[in-house]
Amino acid sequence: MNKVGIVSYGSYIPQYRISVEEIAHIWGEDATELKNQLQVPKKSVLGLDEDVVTMAVESARNAVNLWDGEPKLIGAIYVGSESHPYAVKPTATIVSEALPTGKEIMAADLEFACKAGTAGMQMCFGLVKSDMINYGLAIGSDDSQAKPSDPLEYTAGAGSAAILIGSEGIIAELEGTYSVTSDTPDFWRREGATYPSHGQRFTGKPAYFQHSIDATKGIMNQLQTNPSDYDYVVFHQPNTKFPLSVAKMLGFTKEQVELSLVCRHIGNTYSASSMLGLNRILEKASSGERILMTSYGSGAGSDSFSFVVTDKIEKLQSYPFDIEYYIKRTKDIDYGLYTRYKGLLK
Amino acid sequence: MRMNGRNVFVIGTGLTKFGEFYDRDSTSLATEALNAAINDAKIDRSSIKSAYFGSMTSNSSPHSVFSSKCLRECNMSIPYTRVEAGNASGAAAFHQAYISLASGIYDCVAVIGSEKLSDFVKNGTIEKILGSTIDYQWEYEIGATLTSLYALITKAHMREFHTTMEQLASVPVKNHKNGKENPHAQFRREIPLDRFLSAKRISDPIGRFDLATHCDGSSALILVSEEYLERNSEIKNKIPILSSEHSTDVLALHHRESLTQIKSTVTAAKKAFAKVGIEPTDIAVAEVHDAFPISEILAIEDLGFFEKGEGGNATEAGLTQLNNKISINPSGGLKARGDPFGATGIAQIVEIVEQLRGRADKRQVSEIEYGLTHNIMGTGVLAYVNIFGQEEMKQ
Amino acid sequence: MEPPKIWREKRQKYLALGISCKKCGKRSFPLSEYCPYCGTNDVEEYRLAETGKILYFTNVSMTSDEMAFNAPYCLGIIELNDGIKVTGQIIDCDYKDLRKGMEVKMVFRILARDGHEGLIKYGFKFTSM
């Protein structure tokens, strides 16, 4: 069988940040308690001239610039998001022209709450492995939506991650992937609705935790691995507490999950969340190290992946526009500016 | 050998008041100006064989084909042409009319400049209209406005020649002082220097009060050939057009070698002065394009009235005030008279002709031999320079 | 914001394209079928350098409706590292922090939005490095 894996990766995070204190002040909430609970002191906010498309393009260009191949070799682009700027008119088409790839390419926009990006990864792995394409680009990009005053408002950030998948020049080889899916109404947004609704505590145990645990156990069972076999583990990050908790439940240590917690700096980037966590690990990992990744998307489902880092990774670890760069590039805004940037003023 | 063509004269001028006239349309304004010019020329309107209209927005607005309606209201059934060269449409129409006479095709034509801008009340509409005077794709659509490009030009001039904010503001201060004496001007009051300096910057360093206002107005001229005058010896007050030249520069600022010189002005002026055989120092009065303070400073440098980089100094020192070294914009310029794009270039000519005829009342410049007009489109993609002389002069 | 124009110009606005003349060797912006220096049509598409320096800059507060969502914004003439000059917005920055000679990088952003229901126009802008 063909080997398949990640051949490059790129990230993008907008520069604006709003703190929990700023939001809590508006709604009369206790910022200290919220910070202890969520462990997300600030979240990223899009600039006025940014959207899911511009973030997707920036992360995709970063992935392509880091790689030594030609974008024309890419045979598929899948963009997962809950906040595509067009309801009808694919983000993927714009990303394709902006890279630019060739015209002979498969492309689609995906939606599966926060795991649409990893669904795109699986599609690319399948297409590469079956020799239908040479390279596929999976992107998770979100301008996370949250109703003002909803608990989600403290964490709903913005960012994009692009993962380039192929069989040549693999930096992290795929050992296996495993998914679970069930009809679970924990979080949804109806057509035409501006903000998502959710089931409060119901989003936890039967939703996030159950699916993340089932998928992670499933892949470890499939590959006959244990938590101790992994150097790093990545989960979806609706806040910092959830991935730490699920890691503990599954027998992973805090050290194994810590590096992936991009959420601490930028909040929940929905479709980009677990993929940005993976990118952070790829930026630091060494040859031979093993990574386990489990995404979660409300509705609900989880995709797990197991990777082994190869010796080709070193050449792809010195790039100026890495996550560290975007985490450090910040500009704080107050709630007043936030309402303008998020388009809350009608 | 260059063919100069036939001699051409201005024998009639007409001008509406400039300003915001919500109760009048383009036809009404143009008709008033044209009738005024015909009356001033004291000719029978049947002698006019063709008309040239200068207007920037009339074909893309509710004022469409006002030219035809204007001629009907003036009881004239003659062929007409509408000329568009952005905010220099008036000067462009004049140039085309001049060519039609100099070439011998016509003996008597009317030129009408008209614009009706007070209908565009929505935010950003005028910015979009003016976006078509700059590189629409690679300046305007990228985010530039005409004002912002002039802001870049202003900063370049300040950086290169140490031109100060006070020097820049002394341009509109002087023009408002002149405009006070012009009954056709939109603004007939002086505005103190501080007002310009303390205003909000809309595109740094250009302040809110620095721009010429986009308003309504019409202007008209009757032009005739020398042959026509020989046949009609009773015609008085004829002012010769000694040269009418235009020139060009590349459209986008990013394609220019220098931002501190408008090349089209320099080349049009050189051609115009060479044709008359005079020097810039021979000009006593000039109406120049002062859409922004820096526009007038660039104009008086590029026309050769002052050394490059000295425009700010000269203005602040009062050298361009009425009856000083050279009288620049005695009408109040675009700034105080108001700027109805297509009407502006022709209103400038009306002012110079009135000055040469000695009919400018309190803003009369003494001892004029030659007068000049200068009108540009956008940031200078096109420049029109005309030189006029005293009655007895010929090309 | 009509679809045909946006479609026709999308590649140029997304990728910042110029031409490289095979005859005289000169590069120019924007994309054209003929070399503006020597007039030949023996030209090939050329993607402009992605980094450069600010030559001139200002801020824009009054702009057309479609671009007002972003105002006030900074605007400048950028000299790219291949010597080609372009006009562009400089974003993610405060006007007061801009300086002549500041290094900038090309990024992909929204240029204009046709209300809430019309098309979105994307293209290049610049951010400080």
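Residues numbered from 1 in each chain as written. Chains lettered and ligands numbered in written order. Predicted model: local features only at pLDDT ≥ 70, side-chain atom pairs only at ≥ 80, totals over all residues.

Colleague: It is not clear to me how the overall build of chain A should be interpreted in this structure. Could you clarify?
Modeller: Across its full length, chain A holds twelve helices and 14 strands. A compact globule built from 346 residues should have a C-alpha radius of gyration of about 20 Å, and chain A, at 18 Å, falls within 12% of that. Expressed as a percentage of its 346 residues, the buried residues of chain A come to 57%. Long-range pairs, those at least 24 residues apart, make up 78% of the contacts in chain A between residues at least 6 apart in sequence. (Helix = DSSP H or I, 4+ residues; strand = E, 2+ residues; numbered from the N terminus. Rg over C-alpha atoms; globule rule 2.2 N^0.38 Å. Buried ≥ 20, exposed ≤ 12 C-beta atoms within 10 Å, placed from the backbone. Contact = placed C-beta atoms within 7 Å.)

Colleague: Please explain the nonpolar core as it appears in this structure.
Modeller: General note: in soluble globular proteins, nonpolar side chains tend to be found buried as a group. By size, the foremost hydrophobic cluster in this structure holds 258 residues, and its most contacted members are A:Ile165, A:Ile291, B:Val111, B:Ile222 and B:Leu223. Top element by residues in this core is helix α3 (residues 52–66) of chain A. It accounts for nine residues. The residues contacting B:Ile222, other than those within four sequence positions of it, are B:Ile11, B:Gly12, B:Ala37, B:Ile38, B:Ala41, B:Ile43, B:Ile48, B:Cys108 and B:Ala110. A:Tyr178, A:Val180, A:Ala215 and A:Ile219 belong to the second-largest nonpolar core, a separate cluster that totals five residues. (Core = buried A, V, L, I, M, F, W, Y, C linked by C-beta atoms within 7 Å.)

Colleague: Got a minute to help me understand the interface of chain A and chain C in this structure?
Modeller: Accessible area lost upon the coming together of the parts is a frequently used measure of interface size. Tallying the contact residues gives 15 residues for chain A and 14 residues for chain C. When residues in the side of chain A that touches chain C are grouped by element, the largest group, four residues, is from α3(A). Residue composition of the side of chain A that touches chain C, by class: seven nonpolar, three polar and five charged. (Nonpolar A, V, L, I, M, F, W, Y, C, P; charged D, E, K, R; others polar.)

Colleague: Quick question: what am I supposed to make of the interface of chain B and chain C here?
Modeller: Listed per partner, the contact involves 26 residues of chain B and 24 residues of chain C. Within the residue set of the side of chain B that touches chain C, elements represented by two or more residues are α4 (125–130), α5 (136–140), α6 (146–161) and β5 (201–203) of chain B. No other element matches the six residues that α6(B) contributes to the side of chain B that touches chain C. Of the residues assigned to the side of chain B that touches chain C, the class counts are ten nonpolar, ten polar and six charged.

Colleague: Would you mind going over the domain arrangement of chain A with me for this structure?
Modeller: Residues and elements named next belong to chain A. When its domains are assigned, chain A resolves into domain 1 (5–171 + 315–341) and domain 2 (175–310). The centre of domain 1, based on its C-alpha atoms, is set 16 Å off from the matching centre of domain 2. Of the residues lining the interface, 45 residues belong to domain 1; the matching set on domain 2 comes to 39 residues. Across the side of domain 1 that touches domain 2, the residue classes break down as 20 nonpolar, 19 polar and six charged. (Domains from an automatic or database assignment.)

Colleague: I would appreciate a short explanation of helix α7 (residues 241–250) of chain A in the present structure.
Modeller: Counting along an α-helix, one turn takes 3.6 residues, and residues three or four places apart therefore face a common direction. All names here are of chain A. Taken together, the buried positions of α7 are occupied by Phe242, Pro243, Val246, Ala247 and Leu250. Mapping the buried residues of α7 onto a view down its axis gives an arc of 130 degrees, with all of them on the same face. With respect to the buried face of α7, the exposed residues turned more than 90 degrees away are Lys248 and Met249. The secondary structure elements touched by the buried residues of α7 are α6 (204–223), β11 (232–235) and α8 (254–258). (Arc of directions from axis to C-beta.)

Colleague: Sorry if this is basic, but what is going on with the sheet that holds strand β14 (residues 331–332) of chain A here?
Modeller: Whether parallel or antiparallel, the strands of a sheet pair through hydrogen bonds between backbone atoms. All names here are of chain A. Within the open sheet, the three strands sit side by side as β3-β2-β14. Their pairing is mixed. Both outer strands of the open sheet, β3 (42–45) and β14, are each paired with one neighbouring strand and no more. Pairing between strand β2 (residues 16–19) and β3: four bridges, direction antiparallel. Across the sheet, serine 19 pairs through a bridge with lysine 42, a residue of β3. (Pairing = 2+ DSSP bridges.)

Colleague: I tried to follow helix α4 (residues 91–98) of chain A on my own but got confused; where do I start?
Modeller: Among the eight residues of α4(A), six are classified as buried, and the element is accordingly described as predominantly covered. Among the residues making up α4(A), those that are buried are A:Thr91, A:Ala92, A:Ile94, A:Val95, A:Ser96 and A:Ala98.

Colleague: Even after reading the chapter, I still don't get the environment of B:Leu303, so can you show me in this structure?
Modeller: Residue and element names in this part refer to chain B. Relative to the elements of secondary structure, leucine 303 occurs in the loop between α11 (293–302) and α12 (311–316). Owing to 26 C-beta atoms within 10 Å, leucine 303 belongs among the buried residues under this scheme. Linking leucine 303 and serine 68, residues 235 residues apart in sequence, is a C-alpha distance of 36 Å. Leaving out residues up to four positions away in the same chain, leucine 303 has contacts with Thr265, Ala269, Pro280, Ala286, Val288 and His374.

Colleague: Could you clarify how one ought to interpret the sheet that holds strand β4 (residues 51–60) of chain C in this entry?
Modeller: The strand order β4-β5-β6-β8-β7 (chain C) describes a closed barrel built from five strands, whose pairing is mixed. Strand-to-strand twist of the sheet, defined as the mean angle between neighbouring strand axes without regard to direction, takes the value 45 degrees. Judged from the two bridges that link them, strand β6 (residues 85–91) of chain C and strand β8 (residues 120–128) of chain C form a sheet pairing that is parallel. Each residue of the ladder has a partner; that of C:Ile91, found in β8(C), is C:Thr127. Strand contacts of α3(A): β7 (103–113) and β8 of chain C, with the helix running at about 150 degrees to β7(C), the strand carrying the most contacts. Across the face of the sheet, α6(B) comes into contact with β4 and β5 (73–80) of chain C while running at roughly 110 degrees to β4(C). (Axes fitted to C-alpha atoms, helices over the stretch in contact; angles between N-to-C directions.)

Colleague: Whenever I open this one, the pairing of strand β13 (residues 299–309) of chain A confuses me. Can you help?
Modeller: Along a regular strand, successive side chains alternate from one face of the sheet to the other. Residue and element names in this part refer to chain A. Taken across its eleven residues, β13 has ten buried, putting it largely inside the fold. By the bridge criterion, ten bridges tie strand β8 (residues 172–184) to β13 in an arrangement that is antiparallel. Considered in β13, the bridge of alanine 172 is made with valine 309. Across five bridges, strand β12 (residues 290–294) lies against β13 in antiparallel orientation. Note that in β13 the partner of threonine 294 across the bridge is serine 304. Counted between consecutive antiparallel strands, the loop separating β12 from β13 contains four residues.

Colleague: Before we go on, may I ask you to explain the packing of helix α7 (residues 165–179) of chain B against α11(B) in this structure?
Modeller: Each pair of packed helices gets described by two things: the angle between the helix axes and the distance between those axes. Residue and element names in this part refer to chain B. Following both chains from N to C, one finds α7 and α11 inclined at 95 degrees, their axes separated by 8 Å at the closest point. Considering their axes alone, α7 and α11 lie roughly perpendicular with respect to each other. Judged by residue contacts, Leu168, Ala169, Val171 and Pro172 of α7 engage Pro293, Ile294, Glu296 and Ile297 from α11. Considering only residue class, the contact of α7 with α11 consists of seven nonpolar, no polar and one charged. (Parallel < 35°, antiparallel > 145°, perpendicular 65-115°, else oblique.)

Colleague: Got a minute to help me understand the environment of B:Tyr106 in this structure?
Modeller: Residue and element names in this part refer to chain B. Tracing the sequence through the fold places tyrosine 106 in the loop between α3 (89–102) and β4 (108–116). Of the residues examined, tyrosine 106 has 20 C-beta atoms within 10 Å and is grouped as buried. Measuring from C-alpha to C-alpha, the distance between tyrosine 106 and glutamate 32 comes to 24 Å, with 74 residues separating the pair along the chain.

Colleague: Before we go on, may I ask you to explain the packing of α6(B) against α11(B) in this structure?
Modeller: All names here are of chain B. Packing of α6 against α11 leaves a shortest axis separation of 9 Å and a crossing angle of 55 degrees. Considered as vectors, α6 and α11 are oriented oblique to each other. As α6 packs across α11, the resulting crossing turns out to be left-handed. Together, Tyr150, Ile153, Thr154 and His157 of α6 and Ile294, Ser295 and Ile297 of α11 make up the contact between the two elements. (Left-handed = near helix turned anticlockwise from the far one by under 90°.)

Colleague: How do you make sense of the confidence of the model for chain C when you look at a structure like this?
Modeller: When pLDDT drops low, the exact placement of atoms in the prediction is not to be read closely. Mean pLDDT over chain C works out to 96, with 100% of the residues at or above the 70 mark. As scored by the predictor, the complex reaches a pTM of 0.95 and an ipTM of 0.97. (pLDDT = per-residue confidence, 0-100.)

Colleague: Is there a simple way to explain unusual backbone geometry in this structure?
Modeller: As a rule of thumb, non-glycine residues mostly have phi less than zero, and peptide bonds are mostly trans rather than cis. Along the chain, A:Gly299 connects to A:Ala300 via a cis peptide bond; the corresponding omega equals 10 degrees. Within the element layout of this structure, A:Ala300 appears in strand β13. Between C:Ala71 and C:Pro72 the backbone carries a cis peptide bond, its omega angle lying at -5 degrees. Position of C:Pro72 among the secondary structure elements: in the loop between β4 and β5. Residues other than glycine seldom take positive phi values, yet A:Gln224 does so here, at roughly 60 degrees. When you line up the elements, A:Gln224 lands in the loop between α6 and β11. Classification of A:Gln224 as exposed rests on a count of 7 C-beta atoms within 10 Å.

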